[in-house]
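Report on the structure
Here is what each chain is made of, one letter per residue.
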Amino acid sequence: MTSSFARGLACATSILVLACTNQPDAQPPPSGDGKPVAAEGKSAANEPSKQPLALEGRVFLSQRVTEGGAPRALVPDTQLSLSFHEDARISASAGCNSLHGGYATTGGKLALTDSSITEMACMDRLDQEAWYMGFLGSSPAITIDGDK
C-alpha cells in the first residue's frame, strides 16, 4: 500500500455531495475552477434521507467536497464520479484512473467488494485519487436526497 493511498484511507470524515445525472455512461464534465464548496447531504428537513437506496443505473458527479468541515479543492478541470451498475457493480473516478468492483449498502454505509483500480500514471492526480479511493474504501455513510 503506498503512503498516499494510506493517507487516503484516513480521510473518512470527508463529505461528498454528488449530483445524479440521468446518463448511465456520463463522463465527468470540467468542474470550472476545481474549488468545490462545503455542503452536507441532508434532506429538506435537514435530516439524512430515510428512503431506500435506489442506486442501480445512477451516475453521481461531485458538486461539493469537504474534508474535516473545510472545502477540499480538486485538481483543476477534474470531477469525482461514482456510478452504480446492474448486479451491484460500481465504478468511480477522480479524473484519471478508475475503480471497478462490487458494492453493498448496509446500515446506511457503502461497502466495496472485490474492487480493483487501473494504474495509469497521471502524476498531477495521484494524491486526489488516493484520497477519493481511500474514502470510498472506508465504508462511508451514504444517503440519497432526490438526485443528490
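Our subject in this report is the structure included herewith. (Residues numbered from 1 in each chain as written. Predicted model: local features only at pLDDT ≥ 70, side-chain atom pairs only at ≥ 80, totals over all residues. Heavy atoms only, no water.)

Here's the deal with the overall build of the protein chain
Keep this limit in mind: Each helix corresponds to a stretch of at least 4 residues labelled H or I by DSSP, and each strand to a stretch of at least 2 residues labelled E; elements are numbered beginning at the N terminus. Summary of the burial criterion: residues with accessible area below 20% of their type's maximum are buried, those above 50% are exposed, and those between are partly exposed, where the area comes from a 1.4 Å probe applied to protein chains only. By the convention used here, residues are in contact when the closest approach between their heavy atoms is within 4.5 Å. Note on areas: Shrake-Rupley, 1.4 Å probe, and residue coverage restricted to the protein chains presented here.
The helix and strand tally for the protein chain stands at two helices and seven strands. Taken from the N to the C terminus, the helices and strands of the protein chain come in the order α-β-β-β-β-β-β-β-α. Within the span of the protein chain, comprising 148 residues, buried residues form 40% of the whole. Pairs at least 24 apart in sequence give 68% of the contacts found in the protein chain among residues at least 6 apart. A total accessible area of about 8,100 Å² is found for the protein chain, and carbon and sulfur atoms account for 52% of it.

Quick notes on the packing of aromatic side chains
To be explicit about the condition: Note on aromatic pairs: the rings of Phe, Tyr and Trp (six-membered ring only in Trp) are paired at centre separations within 6.5 Å, and the planes decide the class, stacked below 30 degrees, edge-to-face beyond 60, tilted for the rest.
Counting across every chain of the model gives three aromatic pairs. Ring centres of phenylalanine 60 and phenylalanine 84 lie 6.0 Å apart, and the angle between their planes is 85°; on these two criteria the pair is classed as edge-to-face. Placement of phenylalanine 60 in strand 2 (residues 59–67) and of phenylalanine 84 in strand 4 (residues 81–85) is noted, with a sequence separation of 24 residues between them. Under the relative-accessibility criterion, phenylalanine 60 is labelled buried at 4%. Judged by relative accessible area, phenylalanine 84 falls into the buried class, the value being 1%.

Notes on the state of the cysteines
Simply put, disulfide is the name for a covalent bond between the sulfur atoms of two cysteines. We count it as follows: The disulfide definition used here is simple: a pair of cysteine sulfur atoms within 2.5 Å.
All chains considered together, the criterion is met by one disulfide. Through a disulfide, cysteine 96 is tied to cysteine 122; the S-S separation comes to 1.5 Å. Where cysteine 96 bonds to cysteine 122 through sulfur, the torsion about that S-S bond is close to 40°, and the disulfide is right-handed. Of the two residues, cysteine 96 sits in the loop between strand 5 (89–93) and strand 6 (98–106) while cysteine 122 sits in the loop between strand 7 (109–117) and helix 2 (126–136), which places them 26 residues apart along the sequence. Note on cysteine 96: relative accessible area 16%, which makes it buried.

Side note on the nonpolar core
Rules: By nonpolar core we mean a set of buried residues, namely Ala, Val, Leu, Ile, Met, Phe, Trp, Tyr and Cys, connected to one another through side-chain atoms within 4.5 Å.
Formed by 20 residues in total, the largest nonpolar core has its most connected members in Leu82, Phe84, Tyr132 and Leu136. Sorting elements by how many residues they give to this core places helix 2 first, with five residues. With residues near it in sequence (within four places) discarded, leucine 136 still touches Leu82, Ala92, Leu110 and Leu112.

Brief notes about the pairing of strand 4
Keep this limit in mind: Whether two strands pair depends on DSSP finding at least two bridges between them.
Among the five residues of strand 4, four are classified as buried, and the element is accordingly described as predominantly covered. Bridging between strand 2 and strand 4 involves three bridges; their strand directions are antiparallel. The partner of leucine 61 across the bridge, within strand 4, is serine 81. Alignment of strand 4 against strand 5, held across five bridges, turns out to be antiparallel. If you follow histidine 85 over to strand 5, its bridge partner there is arginine 89. Between strand 4 and the antiparallel strand that follows it, strand 5, lie three residues; aspartate 87 among them carries a positive phi value of about 60°.

Some remarks on helix 2
The periodicity of an α-helix, 3.6 residues per turn, causes residues three or four positions apart to be oriented the same way. In terms of residue burial, helix 2 counts as a mostly covered element, since nine of its eleven residues are buried. Burial in helix 2 covers these residues: Gln128, Glu129, Ala130, Trp131, Tyr132, Met133, Gly134, Phe135 and Leu136.

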